[in-house]
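# Residue-level structural notes
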Amino acid sequence: MGTWHLNGVVLPDGERRDLWIHDGVITFEPVAGAQTLTTGVWITPGLVDAHCHIGLGASGAVDHATAEAQAIIDRNSGVLLVRDAGAPADTHWIDERADLPRIIRAGRHIARPKRYIRNFAIEIDPSEMVEEVSRQAHSGDGWVKLVGDWIDREVGDLAPLWPAEIAKQAIDAVHAVGARVTAHCFAEQSVAELVAAGIDCIEHGTGMSDEVIEMMAANDVALVPTMTNLVNFPKFAAAGAERFPTYAAHMRDLHARRLDTLGRAREAGVQIYCGTDAGGTLGHGRVAQEAQMLAELGGNDFALGAIGWDARTWLGAQNLVEGAPADLVCWFVDPRQELSTLHDPALVVLRGEPVSR
Ligand SMILES: [Zn+2]
């Protein structure tokens, strides 16, 4: 392992400092014989993509080489910690690779038959839900991912997948083994029911009412809006418009109100974190675009926290402190002033070693 020295403005504190890396960890004490990697840069902790699917492609599980390529694209964008929001492929081999991002898994998506994208989810009957969430809690890294709502073709609109009472039992069962639950929610009813049932996080969240937002803020329910995915709602609406006009109108309405809805959540103090929803049909490595859209909600400092230090703290990862694992990214200019610098990391250091520049 190398012994390295860097000099730059360390964020979020904003102080220019010397920083050394020894045995894969950060120290602010000089280390003899260190080789200088870079100076005059801005240094952030490794970025976070809290809704990213490594091992998932447009038609389901992908092979080893494809998953590896996805992970490398994420890493080179500065994303060194991924919360994988559901993957049909077993990606535990990535944990053996020092050069690939750290992954916090949520097991597989849990849905009902024909109530989600084909080949993505474990498809079960609600009567099997409590048992299945327990299984996924054991195969994941502390999270379970539910599909909370999706189009119900018989109703012709978005509708919850799970009876509220069963969802509550499932969430309780996950909490009993010390894991957390998140759910994909586009519409109003699913997010209201799942937040009332004690869920820990909401993905997308376009159907949050003021009452639900208040409950989320009060109960520390996090929100990962995946803003770069929400812009695709009109496309989803158009695809279903002929057969399901009510669904299409609903999607268009959720889309039209999304910045207002998310802005109210932000103002109410709901914790909001970065997720690109990479995998499936969306490309990897889009954290800079997501940051730009998050900044529209709450400014650059808010966006940088949501893709960086705040998200790391939420997921239990350390920031740039003495003794922390050296997962960090260097930038050519101050990202607080110029978010566009996020498109072009100057240097990526993972587990104490430079991996990309
Ligand atoms: Zn997703």
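This one's a predicted model, so the numbers in the text were calculated from it and none came from an experiment.

## Considering helix α4 (residues 188-196)
Three or more residues of α4 are buried, namely S190, V191, L194 and V195. An end-on view of α4 places all buried positions within 120 degrees of arc, on one side of the element. Of the surrounding elements, those touching the buried residues of α4 are β13 (149-152), β14 (157-160), α3 (164-176), β15 (180-185), β16 (201-204) and α5 (210-218). Taken from the residues just after α4, G198 is the one with a positive phi, measuring 95 degrees.

## Some remarks on the packing of aromatic side chains
Considering all chains together, one arrives at 7 aromatic pairs under this definition. Ring geometry for W150 versus F186: centroids 6.3 Å apart, planes at 35 degrees, classification tilted. On the criterion of sequence distance, the pair formed by W150 in strand β13 and F186 in the loop between β15 and α4 is long-range, its members being 36 residues apart. The class of F186 is buried, set by a relative accessible area of 4%. An aromatic cluster is present here, built from Y116, F120, W150, F186, F233 and F236 joined pairwise through their rings. Here the basic side chain of R83 rests over the ring of W143, its NZ or CZ set 4.6 Å away from the ring centre.

## Examining the state of the cysteines
The tally for this structure, following the rule as stated, stands at 0 disulfides. With no disulfide of its own, C52 has C274 as its nearest cysteine by sulfur position, at a separation of 9.1 Å. Of the cysteine sulfurs around C185, a residue in no disulfide, the closest is that of C201, at 9.8 Å. Taking the relative accessible area as the measure of exposure, C185 reaches 0% and is therefore buried.

## A word on the domain arrangement of the protein
Here the protein is partitioned into domain 1 (4-44 + 319-356) and domain 2 (46-314). Taking only C-alpha atoms into account, the centre of domain 1 sits 30 Å from that of domain 2. Facing the 23 residues of domain 1 at the interface are 26 residues of domain 2. Carbon and sulfur atoms supply 61% of the area buried between domain 1 and domain 2, which totals about 2,100 Å² over both sides. Its largest share of buried area at the contact with domain 2, domain 1 owes to N319, L339 and R351, together 30% of the area lost on that side. In this structure, the connection of domain 1 to domain 2 is made through 1 salt bridge. Between R102 and D327 there is a salt bridge, and its shortest N-O distance comes to 2.6 Å. Summed over the shared surface of domain 1 and domain 2, the number is 8 residue pairs in polar contact (both at pLDDT 80 or more).

## A word on the packing of helix α2 (residues 129-139) against α3
Where α2 contacts α3, the axes come no closer than 9 Å and their chain directions differ by 30 degrees. If you check the angle between α2 and α3, you find them roughly parallel. Crossing of α2 over α3 shows right-handed handedness. Counting all contacts with α2, which are made through M129, V130, V133 and S134, the residues of α3 involved are I166, A167, Q169, A170, A173 and V174. Residues belonging to the contact of α2 with α3 are distributed by class as follows: 8 nonpolar, 2 polar and no charged.

Calculation notes
- Residues numbered from 1 in each chain as written.
- Predicted model: local features only at pLDDT ≥ 70, side-chain atom pairs only at ≥ 80, totals over all residues.
- Heavy atoms only, no water.
- Buried < 20%, exposed > 50% of the residue type's maximum accessible area, 1.4 Å probe, protein only.
- Helix = DSSP H or I, 4+ residues; strand = E, 2+ residues; numbered from the N terminus.
- Arc of directions from axis to C-beta.
- Contact = heavy atoms within 4.5 Å.
- Phe/Tyr/Trp six-rings, centres within 6.5 Å; stacked < 30°, edge-to-face > 60°.
- Lys NZ or Arg CZ within 6 Å of the ring centre and 35° of its normal.
- Disulfide = S-S within 2.5 Å.
- Domains from an automatic or database assignment.
- Buried area = accessible area lost by both parts, 1.4 Å probe.
- Salt bridge = Lys/Arg side-chain N within 4 Å of Asp/Glu carboxyl O.
- Polar contact = N/O pair within 3.5 Å; in protein donor to acceptor, adjacent residues only side chain to side chain.
- Axes fitted to C-alpha atoms, helices over the stretch in contact; angles between N-to-C directions.
- Parallel < 35°, antiparallel > 145°, perpendicular 65-115°, else oblique.
- Left-handed = near helix turned anticlockwise from the far one by under 90°.
- Nonpolar A, V, L, I, M, F, W, Y, C, P; charged D, E, K, R; others polar.

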